[in-house]
Amino acid sequence: KPSPITNKQDPNRIFDFFSHIPEATNMFTYLYTDLGIPASYRNMDGSSVHAFKWVNAKGEVTYVKYAWKTLQGVKSLTSAEAAAIQAQDFQHATADLFDNIAKGNNPKWDLYVQMIKEADLNNFDFSPLDATKIWPVNLIPLVKVGTMTLNKNPTNYFEDIEEIAFSPADLIPGIEPSEDRLLQGRLFSYFDAQRYRLGANFQKIAVNAPKNSKAANNNQNGYADNAGVTSDVNYQPSEQANTPNDDSTFKVAQTHYNNVAISQRKIEKTNDYAQAGDLYRSLSKETQDHLIANLTGDLGQVKDKTLQMKMITFFYRADRDYGMRVATALGFTAADFMKK
């Protein structure tokens, strides 16, 4: 978040926080590669980040992650290229997407899923329900399930886009949230934020409501009021006629995962550095150079040398060359760490 005093995003504050979060090492490595500056929205892949559950008619659970793969190709900008483009048009990504759809160059993404059987969740050196970890495709293959095409631009940006209320708690029967702790928090926080932003009846706003039937809940009055409601029932459940209730057919699956408890206890299998090291070693020399330059550009603004050194140890644990290059770029020597 920006500083509450200056309203600026400050590397000193960012790295002060993340110096206590070693599980973010992999994320930082991705972020500061060229992938951190996509050439356009059309040239980005996407991920569900969290694991979800697929539940069949027998109540059997399969854990899944979703991945979007752009058919336009993944393309990125260097810091210099991004600076030059932003100097001319700070809205270039929005304009690029709108203009291409308007021209009929409709961007597409293939949707893939990765699947783990409930019985296999403990067969890895990390927790598959840890949102800071990816699921390696060599262990959990990608299975294509469909393609998304963007073929229409909004006609009223506020009504079509700004009032959208996405939430990971909006799930159809057969798909359920996993025990991922970060996801469990988001199930509540998104709806809470949307009630604040859009009002109590945000699910009845046109862009959020079902297209072929009326929104079936008992919410009424307040912001985004559903005009014409005459029911005396604004609660659930109820025995009165024509009021919606939960369908008992769709019960939440019973899970037997041994780490289901949501608590402050640290995740047991963290393995916070292995995936960051694998990623670093997979990069070309040029991409590694960009990573080091981008990362030290921000980390170099941190005034507290102790914080810098702590972050360096994270990168060093991921890969010795990675950590050494960051340390050298920031002016540290091995003797500085020996003192610690």
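Up top you'll find the structure we're talking about.
Cut-offs and rules
Residues numbered from 1 in each chain as written. Predicted model: local features only at pLDDT ≥ 70, side-chain atom pairs only at ≥ 80, totals over all residues. Heavy atoms only, no water. Helix = DSSP H or I, 4+ residues; strand = E, 2+ residues; numbered from the N terminus. Buried < 20%, exposed > 50% of the residue type's maximum accessible area, 1.4 Å probe, protein only. Contact = heavy atoms within 4.5 Å. Core = buried A, V, L, I, M, F, W, Y, C linked by side-chain atoms within 4.5 Å. Pairing = 2+ DSSP bridges. Salt bridge = Lys/Arg side-chain N within 4 Å of Asp/Glu carboxyl O.

S.K.: Sorry if this is basic, but what is going on with the overall build of the chain here?
M.R.: Helix and strand counts for the chain stand at eleven helices and six strands. Expressed as lengths along the three principal axes of its C-alpha atoms, the size of the chain is roughly 75 × 50 × 45 Å. Across the 340 residues of the chain, 35% fall into the buried class. Across the chain, every contact between residues at least 6 apart in sequence was considered, and the portion connecting residues at least 24 apart equals 70%.

S.K.: What's the story with the environment of methionine 311 in this structure? I'm lost.
M.R.: With respect to the helices and strands, methionine 311 occurs in helix 9 (residues 305–318). Distance from methionine 311 to histidine 20, taken between C-alpha atoms, is 9.0 Å for residues 291 residues apart in sequence. Filtering out sequence-adjacent residues up to four positions away, methionine 311 remains in contact with Phe15, Phe18, Ser19, Phe28 and Leu299.

S.K.: What is the right way to read the nonpolar core from this model?
M.R.: Soluble globular proteins: nonpolar side chains tend toward being buried together. Grouped together as the largest cluster of nonpolar side chains are 26 residues, with contacts concentrated most on Phe15, Leu299, Phe315, Tyr322 and Val326. Looking at this core, the elements that each hand over two or more residues are helix 2 (25–32), helix 7 (274–282), helix 8 (285–299), helix 9 and helix 10 (320–329). Top element by residues in this core is helix 9. It accounts for seven residues. Once you skip the residues sitting within four places of it in the chain, tyrosine 322 turns out to touch Thr29, Tyr280, Leu291, Ile292, Leu295 and Phe315. Among the nonpolar cores identified, the runner-up in size contains twelve residues, and Val55, Tyr63, Leu121 and Phe124 belong to it.

S.K.: Looking at this structure, how should I read the pairing of strand 4 (residues 108–117)?
M.R.: Within a regular beta strand, the side chains point alternately toward one face of the sheet and then the other, so they alternate between its two faces. Counting buried positions along strand 4 gives seven out of ten residues, so the element sits mostly inside the fold. Examined bridge by bridge, strand 3 (residues 61–70) and strand 4 share nine bridges and lie antiparallel to one another. From the neighbouring strand, tryptophan 68 faces strand 4, where its bridge partner is leucine 111. Of the strand pairs in this sheet, strand 4 and strand 5 (residues 143–149) are connected by six bridges, and their pairing is antiparallel. Along strand 5, the bridge assignment pairs leucine 111 with glycine 146.

S.K.: I keep staring at the pattern of salt bridges and nothing clicks. Help me out?
M.R.: Where charged atoms of side chains with opposite charge meet at close range, the side chains can pair. By the definition in use, this model includes ten salt bridges. For the salt bridge of aspartate 130 with lysine 133, the shortest nitrogen-to-oxygen distance reads 3.1 Å. Lysine 133 carries the same exposure label as aspartate 130, and that label is buried. One continuous salt-bridge network, built from bridges that share partners, spans Asp130, Lys133 and Asp272.

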